[in-house]
Amino acid sequence: MRYRAEEFASGMAQPVGDDLTVFTAVIGLFAGVLLTYAAKRGKQQWLLFWGGGLVLASVMYLVAIVLGYN
């Protein structure tokens with residue numbers, strides 16, 4: 001059975017909305033802070049790098065949203 005492209009895509013919802021990406025950034029910020037704290041306490045440089053990168057990326061994304069970049 002064949003479907004037309006218009007019929008197939010017309011009933012599909014948007015898979016990821018803006019609210020979900022903001023929520024992911026906030027959760028990433030909390031996880032990054034926890035990983036950074038654990039890395040400093042356990043003296044793990046690789047975890048400090050990845051946790052700090054996660055914090056930096058989350059903060060940059062949230063600041064961009066606040067400033068109105070879409």
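Cut-offs used in this document
- Residues numbered from 1 in each chain as written.
- Predicted model: local features only at pLDDT ≥ 70, side-chain atom pairs only at ≥ 80, totals over all residues.
- Heavy atoms only, no water.
- Helix = DSSP H or I, 4+ residues; strand = E, 2+ residues; numbered from the N terminus.
- Buried < 20%, exposed > 50% of the residue type's maximum accessible area, 1.4 Å probe, protein only.
- Areas by Shrake-Rupley, 256 points an atom, 1.4 Å probe, with all protein chains shown as cover.
- Phe/Tyr/Trp six-rings, centres within 6.5 Å; stacked < 30°, edge-to-face > 60°.

A.B. asks: Please explain the overall build of the protein as it appears in this structure.
C.D. replies: The helix and strand tally for the protein stands at three helices and zero strands. Overall, the protein shows an N-to-C arrangement of helices and strands of α-α-α. The 70 residues of the protein split such that 13% are buried. Element-wise, carbon and sulfur atoms account for 68% of the exposed surface of the protein, whose accessible area totals about 6200 Å².

A.B. asks: Can you walk me through the packing of aromatic side chains in this structure?
C.D. replies: The geometry of two aromatic rings is summed up by the distance between their centres and the angle between their planes. In the structure shown here, the tally under the stated rule is one aromatic pair. Ring geometry for Phe49 against Trp50: centres 5.3 Å apart, planes inclined by 80°, an arrangement best described as edge-to-face. Take Phe49: its relative accessible area is 58%, and that puts it in the exposed class.

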